[in-house]
Amino acid sequence: MTTTTYSVAGMTCGHCVASVSEEIGELAGVTDVTVVLETGAVTVTSEAPLDDAAVRAAVVEAGYELL
Ligand SMILES: [Cu+2]
C-alpha cells in the first residue's frame, strides 16, 4: 500500500470533494481517497505508487487543478 497526499486547488464545497474523490477513485489500484476541503489536501491510498500524470488528469477531469 502507498499513501500520497496531493494539493488540489479550486474545491469549495462537498460536491467538489465528491467529484475529485470519484475521479481519483476510478484510477487503477486506488483503494481510498480522503479530501480535506479546508486545505485542499487529497490523500490517496493505492496498491502501488500512482502515476502523477494520471492523478493530475483525474483532477483536471473533475474540473480542478493539482498544485
Ligand atoms: Cu463545490
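What you see is a predicted model, and the numbers here were worked out from it, not measured in a lab. (Residues numbered from 1 in each chain as written. Predicted model: local features only at pLDDT ≥ 70, side-chain atom pairs only at ≥ 80, totals over all residues. Heavy atoms only, no water.)

Q: Give me the nonpolar core: which residues, what numbers.
A: Residues V8, M11, V20, I24, V42 and Y64 are the most contacted members of the largest nonpolar core, which totals 20 residues. The residues contacting V8, other than those within four sequence positions of it, are V20, G40, V42, V59, Y64, E65 and L66. (Core = buried A, V, L, I, M, F, W, Y, C linked by side-chain atoms within 4.5 Å. Buried < 20%, exposed > 50% of the residue type's maximum accessible area, 1.4 Å probe, protein only. Contact = heavy atoms within 4.5 Å.)

Q: Now, about the pairing of strand β1 (residues 2-9): what can you tell me, with residues and values included?
A: As defined by bridge partners, β1 adjoins strand β3 (residues 41-46) across 6 bridges and the pair is classed as antiparallel. What sits directly across from S7, in β3, is A41. As paired strands, β1 and strand β4 (residues 65-66) are joined by 2 bridges and run antiparallel to one another. By the bridge assignment, V8 is partnered in β4 with L66. (Pairing = 2+ DSSP bridges. Helix = DSSP H or I, 4+ residues; strand = E, 2+ residues; numbered from the N terminus.)

Q: Break down helix α2 (residues 52-62) for me, citing the residues and quoting the values.
A: All of the buried residues along α2 are V55, A58, V59 and A62. Angularly, the buried residues of α2 cover 95° about the axis, an arc narrow enough to put them on a single face. Every exposed residue of α2 that faces more than 90 degrees away from the buried side is listed here: V60 and E61. Where α2 is buried, its residues meet β1, α1 (14-25) and β4. Note on α2: the residue one or two positions beyond its end, G63, has a positive phi of about 105°. (Arc of directions from axis to C-beta.)

Q: So what's going on with the sheet that holds strand β2 (residues 30-36)? Which residues, and what values?
A: Sheet strands pair by backbone hydrogen bonding; their relative direction is either parallel or antiparallel. Taken together, the 4 strands give an open sheet; going across it, the order is β2-β3-β1-β4, and neighbouring strands pair in antiparallel fashion. Unpaired on one side and paired on the other, β2 and β4 mark the two borders of the sheet. Each of β1, β2 and β3 is contacted by α1, which is oriented at about 160° to β2, the strand it contacts most. (Axes fitted to C-alpha atoms, helices over the stretch in contact; angles between N-to-C directions.)

Q: Give me the packing of α1 against α2: which residues, what numbers.
A: Taken N-terminus to C-terminus, the directions of α1 and α2 make an angle of 140°; their axes are 8 Å apart at the nearest point. Between α1 and α2, the crossing angle belongs to the class labelled oblique. Crossing geometry of α1 relative to α2 is assigned as right-handed. Contacts between α1 and α2 pair S19, V20, E23 and I24 from the former with V55, A58, V59, E61 and A62 from the latter. Tallied by class, residues from the contact of α1 with α2 come to 6 nonpolar, 1 polar and 2 charged. (Parallel < 35°, antiparallel > 145°, perpendicular 65-115°, else oblique. Left-handed = near helix turned anticlockwise from the far one by under 90°. Nonpolar A, V, L, I, M, F, W, Y, C, P; charged D, E, K, R; others polar.)

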